[in-house]
Amino acid sequence: MSALGIRAGYRRRVRFRGANNLVLVLCGVVLAAIAVCVVLGSVIAPQDPNAVNLQIALQGPSLAHLFGTDATGRDIFSRVLAGARPSILGPILIAVGATGLGTLIGVAAAWKRGVSDALLSRGMEILFAFPGLLMAMMAVAILGRGLTAPVVALTIANTPWVARIIRSVALRERSLPYVAALTVQGFSGFTICVRHVLPNISRTIWAQLALTFTYGMTDLLAINFLGLGVQPPTPDWGVLVNEGQDSILQGAPWETLFASVFIVLTIVAATALSARLGEEQTSVRGRA
Amino acid sequence: MHGVVVVLVASVVIFGSLFLAPGSPITALTAGRPVDAHTRALLEARYDLNAPFVVQYVHWLGHAVRGDFGTSYVESESVTAVMAPRIATTLILVTMCSLLVIVAGMLSGAVAALKRGPIGTAIVVAEAIGLGVPTFVASLLLIAIFSVQLHWFPVFGSGSGFIDEVWHLTLPSVALALGSVAYIGRLTQASVEGELRKEHVTTATARGLPRGRVIRRHVLRNAAIPVTTASGIVIAYLVVGAAVVETAFSLNGLGSLLVSSIAQDDFPVIQAVSLVAVLAFVVIGFVVDVICARLDPRITLE
Amino acid sequence: MNLLLEAQGLGVEVLVENALRPVLRDISFGVANGEAVAVVGESGSGKSMTARAIGRLLPPGARVTGQVSFLGESVLEMSADALRTYRTNGIGMIFQDPRASINPVLPVGDFLTEALTTMRGIGRQEARQRVVRLLDDVGVSRPEARLRQFPHELSGGLLQRVMIAAVLAMEPKLILADEPTTALDVTTQSDVMSILDEARRDRGMGLILITHDLELAAAVCDRTLVMYGGRIMEDQASSRLHDAPLHPYTAALLASRPSLTRQPGYLDAIPGRPLSAVEAPEGCPFADRCALAMPKCTDRPPVLREFRGGRTSCIRAETLAPSLARAQEAS
């Protein structure tokens, strides 16, 4: 609070239009359903995801097995539900980590400018040379299989993308008159950034969070698919897609199919959410 | 030049990270079996494992520049020999895919921008789906539909002979291209729409120039510039994405080599392939910069 | 008298957030062969939109009422072919910001010769020669070298001369210049304006000059139209307009200019801010800022009528004319 009684956080009001609202709601519903699976997956699964029963292997969808059974007779529906947690948690960590770090770096670079900015930007540029998937693979090569290596690597790999966008948005914000006004009144850079600039760019931050989540999920599930991340029998969706590969050749695509549907649904919902939330940024990312 | 710095830094990171990896290369070499001191000494001498980091790095880099990446831990033949037969497959795959991305992406984006209405909407929807489907998912779905169900394409392998290889690589190329086509399509659409609204387009129309000419020479040509930049980066990423596709389709390419060598801790191969990947990146980036400078006179090459 | 260009009851509505809003109302005027007419107004008055309507360059979704005819032919109803002929041979447009109006990635020579080679079928060599001569006419140094340069290598003033050359190359009958010098510095402004004026007089071309500068209008154009809130307020010979304006708005505009000779206590600014057609009420759009307004001014829409050799839409013109003229004498 200053002598002039200026409230923290000059917020700019945002208006949502009708059609956007519908899409937003739809995305919210989908993501909420996925969230339920993440939290309660194993609990609400009708059967034990790991229960093997060779006699009912490779069956199509039925009332007893909504998504059918896999090559060893496990219920696919239960496996998909149970697989929500490992499939989503990793990407969330990546998203939070990369967005957090990226925001820190982006705002710091935008605020300090000069040498610090140049250093940070150069550093980020070098990281740009490494696609996320490559970094994740190398991390696995160094640290061994499992979730830790790829998650850490993907967090680092996605940080520069977030940092670059946050930096440009923060720079724009910084050039607005209210920041100069606050500086003149004697507020510290830190206070201005945290209590005023951040809330005003929060929409972009949320959008980046959702977007990074989709990229992290795509790359992480690819790592799992390649057998370099989470190992079977954990029913991670990437692993399921891989496991289902043989079944496809035998005419039973259910495992791959339903796992794929869930993956695509989550990614599309999160992408649509991020588009609605933030400004359209032309950030280029690798797809794998 | 900027690119050289990147490659150098990358090489240090690549070499250094594996150097720091827990578990000595000895373990990888011997597949974890216990080994007596004499054999161990022999291995260390052979692979130069006792010298300090900098020496090993310089040694490695010196050889790498001449194309000698050492010997594979797993195959016990030179890394180059392991990589050589696989280069063609990956090269063809990435080339086919790049063509697909550029042609299909730019075409669909331009059409979506210029023709509003049902076609435009259909393209936009297709793009949204394309963006949401990860490559490995696309690979398997394509296999399920086009190989197993419809028998239009072979399921596995790269085939022999050029035409056969192209046929084998069609489905993998499409799978790899899907997300990128959608991305480039959307980018092209936005770029063309933005260009259509520009003042110089109104001026050209005001001068009475025919619409076709205005679109071709003033809208599309200008809109292509940012899309070209993005295409370069997208294609570079394809190089890495190839790893997923090659694994899914059981192709013998550099990508699947990378995956298998990671699974087997075959460090020299990992280093070599990673370095090649980064190199490809930088080279593609450079080529794209040159093309962009030709297209847009406002850009100057450093 | 056969007019070169005539607008009758022209009205334009544009799409603003999915609703049609009026930007031009009941615009009627004519331009004779070789005549220079200025359209003066503040921002939001609709003057730029008038130029666009004449060139049929309105934004998508816009609705047009009324008539615009060129040499008797209706512009708004022309076929695509006729429209192209109209835009190449009939009118030539000069826009405000030359840097935005020229394709930045193609050489300047391309821009200049494009219309000649495409629309007139003239060979490239011949086109280049013609263009070099024109560049010389408009005062561009080293014209051959300029052809190979790109827009970002030329200054604003130079670029605007290039635009003028491009327009002259097609030898239109009427030039529409939309604030051609606003984006330039003051010294360049007078240079460019005099070049444009001289060139068009030499070639006998008509001119519609859109500007917010009353002085400029008087210096270059025979007649001046004053617009406000999407309507025409006054239409008079430029010289008489300055001595005896027929509309309070014109008088207020004239009075609000800082004078080089007098030293007033305060600048006579017009209170309030300029309204656009969208915001204007049904009656006279200037009424709520006008010191001389009466209740009947807001009752019905103003009608442009002949008066003392010009036209005015002020309903009180007869009463006010003497006092408006006297105020001008005093300043």
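Residues numbered from 1 in each chain as written. Chains lettered and ligands numbered in written order. Predicted model: local features only at pLDDT ≥ 70, side-chain atom pairs only at ≥ 80, totals over all residues.

1. Focus: the overall build of chain B
Step number 1: A count of helices and strands for chain B gives 12 helices and 0 strands.
Step number 2: Going residue by residue from the N terminus, the α and β elements of chain B occur as α-α-α-α-α-α-α-α-α-α-α-α.
Step number 3: Out of the 302 residues in chain B, the part that is buried amounts to 43%.
Step number 4: Taking the intrachain contacts of chain B between residues at least 6 apart in sequence as the baseline, contacts between residues at least 24 apart amount to 74%. (Helix = DSSP H or I, 4+ residues; strand = E, 2+ residues; numbered from the N terminus. Buried ≥ 20, exposed ≤ 12 C-beta atoms within 10 Å, placed from the backbone. Contact = placed C-beta atoms within 7 Å.)

2. Observations regarding the overall build of chain A
Step number 1: Secondary structure assignment for chain A yields 10 helices and 0 strands.
Step number 2: Mapped in sequence order, the helices and strands of chain A form the string α-α-α-α-α-α-α-α-α-α.
Step number 3: Sequence separation of at least 24 residues holds for 71% of the intrachain contacts in chain A that already meet a minimum separation of 6.

3. Notes on the sheet that holds strand E3 (residues 36-40) of chain C
Residue and element names in this part refer to chain C.
Step number 1: If you trace the 8 strands from one edge of the open sheet to the other, you get E6-E7-E8-E3-E9-E10-E12-E11, paired in mixed fashion. Only two strands of the sheet have a single neighbouring strand rather than two, namely strand E6 (91-94) and strand E11 (305-307). Taken pair by pair, the neighbouring strands of this sheet meet at an average axis angle of 20°, ignoring direction.
Step number 2: As defined by bridge partners, E3 adjoins strand E9 (residues 223-228) across 4 bridges and the pair is classed as parallel. When the bridges of E9 are listed, valine 39 appears paired with leucine 225. (Pairing = 2+ DSSP bridges. Axes fitted to C-alpha atoms, helices over the stretch in contact; angles between N-to-C directions.)

4. Regarding the interface of chain C and chain B
Step number 1: The partner chain B presents 18 residues to the 20 residues of chain C that form the contact.
Step number 2: Counting only elements with at least two residues in the side of chain C that touches chain B, the list comes to helix H2 (80-90), helix H3 (98-101) and helix H4 (108-119) of chain C.
Step number 3: Considering only residue class, the side of chain C that touches chain B consists of 10 nonpolar, 6 polar and 4 charged. (Nonpolar A, V, L, I, M, F, W, Y, C, P; charged D, E, K, R; others polar.)

5. Considerations on the pairing of E9 of chain C
One face of the sheet, then the other: side chains in a regular strand alternate in exactly this way.
Residues and elements named next belong to chain C.
Step number 1: Here E9 lies mainly inside the structure; 6 of its 6 residues are buried.
Step number 2: Bridging between E9 and strand E10 (residues 231-237) involves 6 bridges; their strand directions are antiparallel. The residue bridging methionine 227 from the neighbouring strand is isoleucine 232, located in E10.
Step number 3: In this structure, the hairpin formed by E9 and E10 is closed by a connection of 2 residues, where glycine 229 is found at a positive phi of approximately 55°.

6. Brief notes about the confidence of the model for chain A
Any segment with low pLDDT has predicted coordinates that should not be analysed in fine detail.
All names here are of chain A.
Step number 1: Looking at chain A as a whole, its pLDDT mean stands at 80, while 89% of the residues score no less than 70.
Step number 2: Contacts for the low-pLDDT stretch residues 1-18, under 50 throughout, to residues beyond four places or in other chains number 14 contacts.
Step number 3: Throughout residues 279-288 the model reports pLDDT below 50, and contacts reaching past four residues in sequence, or to other chains, amount to 32 contacts. (pLDDT = per-residue confidence, 0-100.)

7. Some thoughts on the interface of chain A and chain B
Step number 1: Between chain A and chain B, the contact holds 34 residues from the first and 42 residues from the second.
Step number 2: At the level of secondary structure, the elements contributing two or more residues to the side of chain A that touches chain B comprise helix H4 (132-143), helix H8 (202-225), helix H9 (237-249) and helix H10 (254-277) of chain A.
Step number 3: Across the side of chain A that touches chain B, the residue classes tally to 25 nonpolar, 8 polar and 1 charged.

8. Some remarks on the arrangement of the chains
Step number 1: Taking contact number as the criterion, the leading pair out of 2 pairs of chains in contact is chains A and B.
Step number 2: If you take every C-alpha in chain A and every C-alpha in chain C, the smallest gap between them is 11 Å, and the two do not touch.

9. With respect to the pairing of E3 of chain C
Residue and element names in this part refer to chain C.
Step number 1: Among the 5 residues that make up E3, 5 are buried, leaving the element largely enclosed by the rest of the structure.
Step number 2: Of the two faces of E3, the one carrying Ala36, Ala38 and Val40 and the one carrying Val37 and Val39 are both buried.
Step number 3: With 5 bridges joining them, E3 and strand E8 (residues 206-211) adopt parallel strand pairing. Following the sheet pairing, alanine 36 is matched in E8 by leucine 207.

10. Looking at the packing of helix H3 (residues 114-128) of chain A against helix H5 (residues 148-174) of chain A
All names here are of chain A.
Step number 1: Running from amino to carboxyl end, H3 crosses H5 at an angle of 135°, the nearest separation of the two axes being 9 Å. Classified by the interaxial angle, the pair formed by H3 and H5 is oblique. Classified by chirality, the crossing of H5 by H3 is left-handed. Contacts from Met124, Leu127 and Phe128 of H3 reach H5 at Pro160, Ala163 and Arg164. (Parallel < 35°, antiparallel > 145°, perpendicular 65-115°, else oblique. Left-handed = near helix turned anticlockwise from the far one by under 90°.)

11. Quick look at the domain arrangement of chain B
Residue and element names in this part refer to chain B.
Step number 1: Domain assignment breaks chain B into domain 1 (2-65) and domain 2 (84-295).
Step number 2: Domain 1 puts 11 residues into the contact, and the matching count from domain 2 is 12 residues.
Step number 3: Of the residues forming the side of domain 1 that touches domain 2, the biggest block, 8 residues, is contributed by helix H1 (residues 2-20).
Step number 4: Split by residue class, the side of domain 1 that touches domain 2 holds 9 nonpolar, 2 polar and no charged. (Domains from an automatic or database assignment.)

12. Focus on the environment of alanine 81 of chain B
Step number 1: For alanine 81 of chain B, the position within the fold is in helix H5 (residues 79-114).
Step number 2: For alanine 81 of chain B and threonine 39 of chain B, which are 42 residues apart along the polypeptide, the C-alpha to C-alpha distance reads 25 Å.

13. Notes on the sheet that holds strand E2 (residues 19-31) of chain C
Step number 1: In space, the 4 strands of this open sheet follow the order E2-E1-E4-E5 (chain C), with antiparallel pairing throughout. The sheet terminates laterally at E2 and strand E5 (73-74) of chain C, the two strands that pair on one side only.

14. Side note on the packing of H10 of chain A against helix H7 (residues 135-149) of chain B
Step number 1: Contact geometry of H10 of chain A with H7 of chain B gives a least axis separation of 10 Å together with a crossing angle of 140°. Here H7 of chain B runs oblique to H10 of chain A, going by the angle between their axes. Handedness of the crossing formed by H10 of chain A with H7 of chain B: left-handed. Along the contact surface, H10 of chain A presents Thr256, Ser260, Ile263 and Val264 of chain A, while H7 of chain B presents Val137, Leu140, Leu141 and Ala144 of chain B.
Step number 2: Taken together, the residues that form the contact of H10 of chain A with H7 of chain B break down as 6 nonpolar, 2 polar and no charged.

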